[in-house]
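Chain residues, written in single-letter form:
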Amino acid sequence: MNQINKLIDRTDQAVGTFLCSRSQAALEVLAGVGFDFVVIDAEHFMVNPETIERLVTAAESADVVPFVRVQENVDLVQRTLDCGAKGIIAPMINSGEEAREIVNAAKFPPIGKRGVGNPRSTNYGVGGAEYMDKCYEHQNENQAVIIQIETKEALENLPDIIGIEGLDSLFIGPWDLSHSLDQPGPDEGSQIFEDKINEVLEKCKKKEVPVGIFSWGSKEANERVHQGFDYVICGADVIFLANSAKEELTKIRD
Ligand code: 3PY
Ligand code: MG
């Protein structure tokens, strides 16, 4: 069972958040307060591969599931999963072809074309060939491939994207989607925008593909859960820091 389904099964409403700061301490705090998963964001922040490995390792000790949002290339996908991340989120995927490329990089044959090796996720091969084969099989099942839907083109090509074997979940990026649709942001209640979100949700439900969405804060996250989303990624370490710092400072200054 892939990580997304495991999370949904365990909690009924899986909640994750982004880690933007590259900080191990922040990751451990987020784990400590009970987030189900943390997404290390290498799309919008300068995170090098060694830092990804360090944070994935720290997440294991802190008992929180580590996903990584990779950059818009496939190179990082294999190595991110090789170092032990429990899943990747690929942003800005616009077609079935692009989604297939991600699945190819993330899944071993026969589902994809990921190359085998003896990385951290196979315990460096010290258990021998048979053990490594088991690792590859386990990773095909257990490492989640999450495709981000956040453009007009992706909506148009949704039927091609959604049916791809090896794709474990879709995740809506509402901010980019609102820009791409030339609609006001998710916080401004555009009906055209909400209709599009509902369309994705319904199509995923029909195909039994787990679907998640980003929310800036808890109010929006609760609404999305009630709407039927299987999981939410709510906020980010830097957003929480900004919110509580602002609140405390205002209380002193006011
Ligand atoms: C977006 O809203 O565009 C995102 O990528 C959020 O994760
Ligand atoms: Mg985005």
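Okay, so let's go over this structure.

Calculation criteria
- Residues numbered from 1 in each chain as written.
- Chains lettered and ligands numbered in written order.
- Predicted model: local features only at pLDDT ≥ 70, side-chain atom pairs only at ≥ 80, totals over all residues.
- Heavy atoms only, no water.
- Donors = N, O, S within 2.8 Å, 3.2 Å for Na, K, Ca; no water.
- Helix = DSSP H or I, 4+ residues; strand = E, 2+ residues; numbered from the N terminus.
- Buried < 20%, exposed > 50% of the residue type's maximum accessible area, 1.4 Å probe, protein only.
- Right-handed = clockwise from strand over helix to strand, strands pointing away.
- Pairing = 2+ DSSP bridges.
- Near = heavy atom within 4 Å.
- Polar contact = N/O pair within 3.5 Å; in protein donor to acceptor, adjacent residues only side chain to side chain.
- Areas by Shrake-Rupley, 256 points an atom, 1.4 Å probe, with all protein chains shown as cover.
- 1 Å grid on protein atoms, 1.4 Å probe; cavity = no way out; pocket = protein on both sides within 12 Å on 5 of 7 lines; lining within 4 Å.
- Sits in = over half its atoms within 2 Å of the grid points.
- Nonpolar A, V, L, I, M, F, W, Y, C, P; charged D, E, K, R; others polar.
- Axes fitted to C-alpha atoms, helices over the stretch in contact; angles between N-to-C directions.
- Left-handed = near helix turned anticlockwise from the far one by under 90°.
- Contact = heavy atoms within 4.5 Å.

Let's shift gears to the coordination of the magnesium ion (ligand 2). Protein ligation of the magnesium ion (ligand 2) involves Glu150 (OE) and Asp176 (OD), the donor distances falling in the range 2.1 Å. Placement of the pair is glutamate 150 in the loop between β5 (144-149) and α7 (152-156) and aspartate 176 in helix α9 (residues 174-180), with a sequence separation of 26 residues. Residue class for aspartate 176 comes out partly exposed when judged on its relative accessible area of 27%.

So, about the pairing of strand β3 (residues 65-69). For β3, a buried count of five out of five residues is recorded, marking the element as mostly surrounded by other parts of the structure. Alternating positions in β3 separate into two faces, Val65, Phe67 and Arg69 on one and Pro66 and Val68 on the other, with burial throughout. As for the winding sense of the linkage, the β-α-β connection from strand β2 (residues 37-41) through helix α3 (residues 49-62) to β3 is right-handed. As paired elements, β3 and strand β4 (residues 87-90) share three bridges and run parallel to each other.

As a further point, take the environment of leucine 155. Positionally, leucine 155 belongs in helix α7. A relative accessible area of 15% places leucine 155 in the buried class. Residues leucine 155 and glutamine 139 lie 16 residues apart in sequence; the distance between their C-alpha atoms is 29 Å.

Take the site of ligand 1 next. The immediate surroundings of ligand 1 are formed by Phe18, Arg69, Gln148, Glu150, Phe171, Gly173, Pro174, Trp175, Asp176 and Phe214. Here an oxygen atom of ligand 1 sits 3.1 Å away from a polar atom, N or O, in the side chain of glutamate 150. Within the backbone of proline 174, one N or O atom sits 3.1 Å away from an oxygen atom of ligand 1. Taking 230 Å² as the accessible area of ligand 1 by itself, protein coverage stands at 92%. When each cavity is represented as a set of grid points, ligand 1 is found to reside in the largest pocket. Among the elements that take part in the shell around ligand 1, α9 stands out by supplying three residues, more than any other. Grouping the constituent residues of the shell around ligand 1 by class yields five nonpolar, two polar and three charged.

This part is about the packing of helix α4 (residues 75-82) against helix α5 (residues 96-106). Where α4 contacts α5, the axes come no closer than 8 Å and their chain directions differ by 35°. Like other packed secondary-structure pairs, α4 and α5 cross with a definite hand, here right-handed. Contact residues: α4 offers Val77, Gln78 and Leu81, while α5 offers Ile102, Ala105 and Ala106. For the contact of α4 with α5, a count of residues per class yields five nonpolar, one polar and no charged.

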